[in-house]
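# Coordinate inspection notes
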Amino acid sequence: MDLSQYAELFLAESREHLSACNHLLLEWERRPAAPEPVGGIFRAVHTVKGMAATMGYARVADLAHRMENLLDHLRRGGQPPADETLQLLFRATDALEKSVDLAVAGRERDADVADVVADLDRAMARLAPAAAPRALAAEPELMPLPPSSPLGGTGRLISVVLRPEAPLKGGRAMLIVRKARSLGEVQAIAPPPAAFETEDFDGRVAFQLETARTAAEIEAAIRSVGDVERVTVVGEAAGEGGEGGDEEHVTPVESAGGRSRHIRVDLRRLDSLMDLIGELVTAKGWLNELAAERRDPAIDDVAIQVSRLSADLQAEIIQARMTPVWQVFDRFPRLVRDVARQLDKQVAFKVEGKEIELDRAILDELGDPLVHLLRNAVDHGIEAPAERRKRGKKPEGEIVLAAVRERSSVAISITDDGRGIDRAQVLAKARREGLVDAHTDALTDDQLLRVLARPGFSTAATVTSVSGRGVGIDVAMTKIRALGGSIEIRTEPGKGTSFVLRLPVTLAIVRALIAAVGPERYALPLTYVAETAEFGAIAMTTMEGREAMVLRDRVIPLVHLRTLLNVGGDAPPARRPVIVLEMGERRTGVVVDGMLGQQEIVVKGFEAPQGTLPVFSGATIMGDGVPALILDAAGLL
Amino acid sequence: MSHTVLVCDDAIFMRTMISDILAQAGFEIVGEAETGSQAVEKYRQLKPDLVTMDIVMPDMGGIDAVREIVKNDPDAKILMCSAMGQQALVVEAIQAGAKDFVVKPFQPSRVLEAVQRVLG
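Take Pro167(A): it is sitting in the loop between strand E1 (155-162) and helix H6 (169-181). Placed 36 residues apart in sequence, Pro167(A) and Gly203(A) show a C-alpha to C-alpha distance of 9.6 Å.

Put into structure tokens, the structure is as follows:
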């Protein structure tokens, strides 16, 4: 049986369990006397062990096994763990995570676990001198499969999910294993039968079964045990051809009263689906143009129907790509704790709005910028406990990471209650480096952010290993801008700093205003379009030496796209549209030659050649097949 | 021909209820036991087609009774009667040789389904 096809599934599930491990370790560290965390950690590690053994990842399974021994001892002992033990468990969890990744990448040999394994064994020997390595004999299924085991042979991987309402699932699982044993040889049961006896066994069991029976026979036999929701049989039976079992890979799901079900889908599938939908949207645009030209009601009807269907399809696929932010936020409590510990600071970390959803492609890119900003918050924002006490604050600082859904974007804020950014210090340094006019005597929040985001700008007296303010913001800013988002900063001396990241909900397809400049067309995402006005018909003025217009008592600086982009062609009409872009508090009017209406565009990334103005965020293909560049609102502002 | 059943439970209420459920479905209740040791003894005498076995009983518990019965008759068809929260005990009973289990409070349909499975 080819196990590699389960590698991704193994990776995803292992990560979930290891993430749970980290959370529980943090909880245990906070409340060492609480008995619940250790049980949960034990089960998580245990599950990883069972899965790793099934996959044939001996080193991962072995590390997990040693952790499990220690955890089992701690669990039974019921004593609060020594700090040293907790730190060892944190370290072991990291090592396990790393070796899981390596194993899946086919480089299990590179997993360097010797030190942590030795430390685990030493800790075990110290805590329980008598309990020499716990006998595995009682649970032979747990042992990592020897390399010579017939993993590549005739075994099938059976996974069974019991009905959620089934009582005493452990008992049922035991009956299933017994039933399977009546069909052939059962190995690598995950979780191992010992887990069936615990009340929180969740009703999922998987094992390898070596049998000549067909998949249908196996499934029927297992279902006959009762309370079975789902049986998945994968792999070849003895003597069956390679292709025979293929269709069984599809997770067979019996519809049970309209409950929503989940399957895991390779992200690349969603990406290529998105690309296809993109092309469909382009073709649809073309069809609409043709229909408009022909004025044939029959073609019109088809065009309308295609439009509706593709809009529905698009909405569905975008929905399928939506991922709750906790998938990225989940690792941050551990990160904040580690950084705080390293810097001898006390930080209470809160996460809000975990369930808010973002396009997977955006979420994947968000991890790094958030890591930078969180590190900054701990390092530069939160003061040392003594300093906080002196200022009449609680010794424990607070950092809140919150996601909020706004109209067409998601705002993610990182707020600390630390010392705030010293504007005077930043200003002095900015002046010295010639980043602002010598006579500037105060920085607005916007200016402050622009100064901080200069590559390499740092006011940190010493750049610690954790962060040097400025570097992180620079990286974060570039990334967020590339995603079509924006960053805002608010800071108050002594009270704290807050960064707000605004991101589009989805990257792939946006509504945009199509503007004409000379012979070219440009797309402006509607997310940042506040309104339009008419150049040549409104009052003009200047603002800091720049041309500006007055719109309802507000002075808005102007950018002539024609000049900015150096577009040739006929002279523009005297009266022409101004598109007002808005991002946070900032507004800019973009003067174009004409507006061609609104349309959905499919965003394609593009590699800007060196020297290109930083005002494009991507490209799109128009209905007629001609490409157009997408203007980046943040760049124009 | 109807199947014969031995009902083992220390509570009269439970024995009555199980007996009623099974009798209404056409089974013949041939005996009852209040303790594990009684269950072992009566199984030997009556050779019933099916045994329903409570887990927690005085004198000898249901799991030990299962072990004793299966030792003498490996094909004995024993249905455990358990309660929520007895996961570990149920697993132990199955390892001891019980064929299936039902969970209190009993739903007649579930009891009968389990009985059908046990009798195959």
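With that settled, the discussion passes to the packing of helix H4 (residues 83-104) of chain A against helix H5 (residues 114-127) of chain A. Residue and element names in this part refer to chain A. Two numbers describe how H4 lies on H5: the axes approach to 10 Å, and their chain directions differ by 145°. The chirality of how H4 crosses H5 is left-handed. Contacts from Thr85, Leu88, Arg91, Ala92 and Ala95 of H4 reach H5 at Val116, Asp119, Leu120 and Ala123. For the contact of H4 with H5, the class distribution of residues is six nonpolar, one polar and two charged.

Turning our attention to helix H4 (residues 87-96) of chain B. When H4(B) is considered as a whole, its buried residues turn out to be Gln87(B), Leu89(B), Val90(B), Val91(B), Ala93(B) and Ile94(B). The inward-facing, buried residues of H4(B) contact H6 of chain A together with helix H3 (62-72), strand E4 (78-83) and strand E5 (100-104) of chain B. Just past H4(B), the residue Gly97(B) takes up positive phi, approximately 130°.

Formed by 102 residues in total, the largest nonpolar core has its most connected members in Leu96(A), Phe207(A), Val51(B), Met53(B), Leu79(B), Met80(B) and Ala93(B). Looking at this core, the element that brings in the most residues is helix H2 (residues 36-55) of chain A, giving ten residues. Each of domain 1 (3-137) and domain 2 (153-239) of chain A accounts for three or more of the residues forming this core. Once you skip the residues sitting within four places of it in the chain, Ala93(B) turns out to touch Ile55(B), Gly62(B), Ile63(B), Val66(B), Met80(B), Ala98(B) and Phe101(B). Residues Phe329(A), Leu358(A), Val371(A) and Ile473(A) belong to the second largest nonpolar core, which totals 41 residues.

This part is about the sheet that holds strand E4 (residues 228-234) of chain A. Residues and elements named next belong to chain A. Reading across the sheet, the four strands line up as E2-E3-E1-E4 and stay open at both edges, with antiparallel pairing between neighbours. Looking at the sheet topology across the chains shown, the edges are occupied by strand E2 (185-190) and E4. On average, each strand axis in the sheet is inclined to that of its neighbour by 25°, with strand direction left out of account. Sitting on the sheet, helix H7 (residues 215-223) is in contact with E1, strand E3 (204-210) and E4, with an inclination near 155° to E4.

Time to look at the interface of chain A and chain B. Listed per partner, the contact involves 14 residues of chain A and 16 residues of chain B. Residue composition of the side of chain A that touches chain B, grouped by class: six nonpolar, five polar and three charged.

Residues and elements named next belong to chain A. Of note, the amide linkage connecting Ala190 to Pro191 takes the cis form, showing an omega dihedral of -5°. Along the chain, the position of Pro191 falls in the loop between E2 and E3. Non-glycine residue Leu168 carries a positive phi angle of around 40°. Inspection of the secondary structure assignment puts Leu168 in the loop between E1 and H6. Note on Leu168: 28 C-beta atoms within 10 Å, which makes it buried. Positive phi, close to 60°, is recorded for Asn566, a residue that is not glycine.

The periodicity of an α-helix, 3.6 residues per turn, causes residues three or four positions apart to be oriented the same way. Residue and element names in this part refer to chain A. All of the buried residues in H7 are Ala215, Ile218, Glu219 and Ile222. The arc that holds every buried residue of H7, seen down its axis, measures 95°, which confines them to one face. More than 90 degrees from the buried face of H7, the exposed residues found are Ala216 and Ala220. Summarising the contacts, the buried residues of H7 are in contact with E1, H6, E3 and E4.

As a further point, take the sheet that holds strand E2 (residues 28-33) of chain B. All names here are of chain B. Taken in spatial order, the five strands of this open sheet run E2-E1-E3-E4-E5, and their pairing is parallel. Edge positions in the sheet fall to E2 and E5, since each of these pairs with one other strand and no more. On average, each strand axis in the sheet is tilted by 20° relative to the strand beside it, whichever way the strands run. Each of strand E1 (4-8), strand E3 (50-54) and E4 touches H3; the most contacted strand, E3, lies at about 150° to it. Strands in contact with H4 are E4 and E5; relative to E4, the strand with the most contacts, it is inclined by about 170°.

To characterise two packed helices, one gives the angle between the axes of the helices and the distance between these axes. Residue and element names in this part refer to chain B. The N-to-C vectors of helix H2 (residues 36-46) and H3 enclose an angle of 25°; their axes lie 8 Å apart at closest approach. Regarding the angle of H2 to H3, the classification is roughly parallel. The crossing of H2 and H3 is right-handed. Along the contact surface, H2 presents Gly36, Ala39, Val40, Tyr43 and Arg44, while H3 presents Gly62, Asp64, Ala65, Glu68, Ile69 and Asn72. Grouping the amino acids of the contact of H2 with H3 by side-chain chemistry returns five nonpolar, three polar and three charged.

What follows covers the pairing of E1(A). Residue and element names in this part refer to chain A. Counting buried positions along E1 yields six of eight residues, so the element is predominantly enclosed. Where E1 lies against E3, seven bridges are found, and the strand directions are antiparallel. The residue of E3 that forms the bridge with Gly155 is Glu210. Across six bridges, the pairing between E1 and E4 is antiparallel. In the sheet register, Val161 faces E4, and the bridge partner there is Arg230.

Scoring rules and cut-offs
- Residues numbered from 1 in each chain as written.
- Chains lettered and ligands numbered in written order.
- Predicted model: local features only at pLDDT ≥ 70, side-chain atom pairs only at ≥ 80, totals over all residues.
- Helix = DSSP H or I, 4+ residues; strand = E, 2+ residues; numbered from the N terminus.
- Axes fitted to C-alpha atoms, helices over the stretch in contact; angles between N-to-C directions.
- Left-handed = near helix turned anticlockwise from the far one by under 90°.
- Contact = placed C-beta atoms within 7 Å.
- Nonpolar A, V, L, I, M, F, W, Y, C, P; charged D, E, K, R; others polar.
- Buried ≥ 20, exposed ≤ 12 C-beta atoms within 10 Å, placed from the backbone.
- Core = buried A, V, L, I, M, F, W, Y, C linked by C-beta atoms within 7 Å.
- Domains from an automatic or database assignment.
- Pairing = 2+ DSSP bridges.
- Arc of directions from axis to C-beta.
- Parallel < 35°, antiparallel > 145°, perpendicular 65-115°, else oblique.

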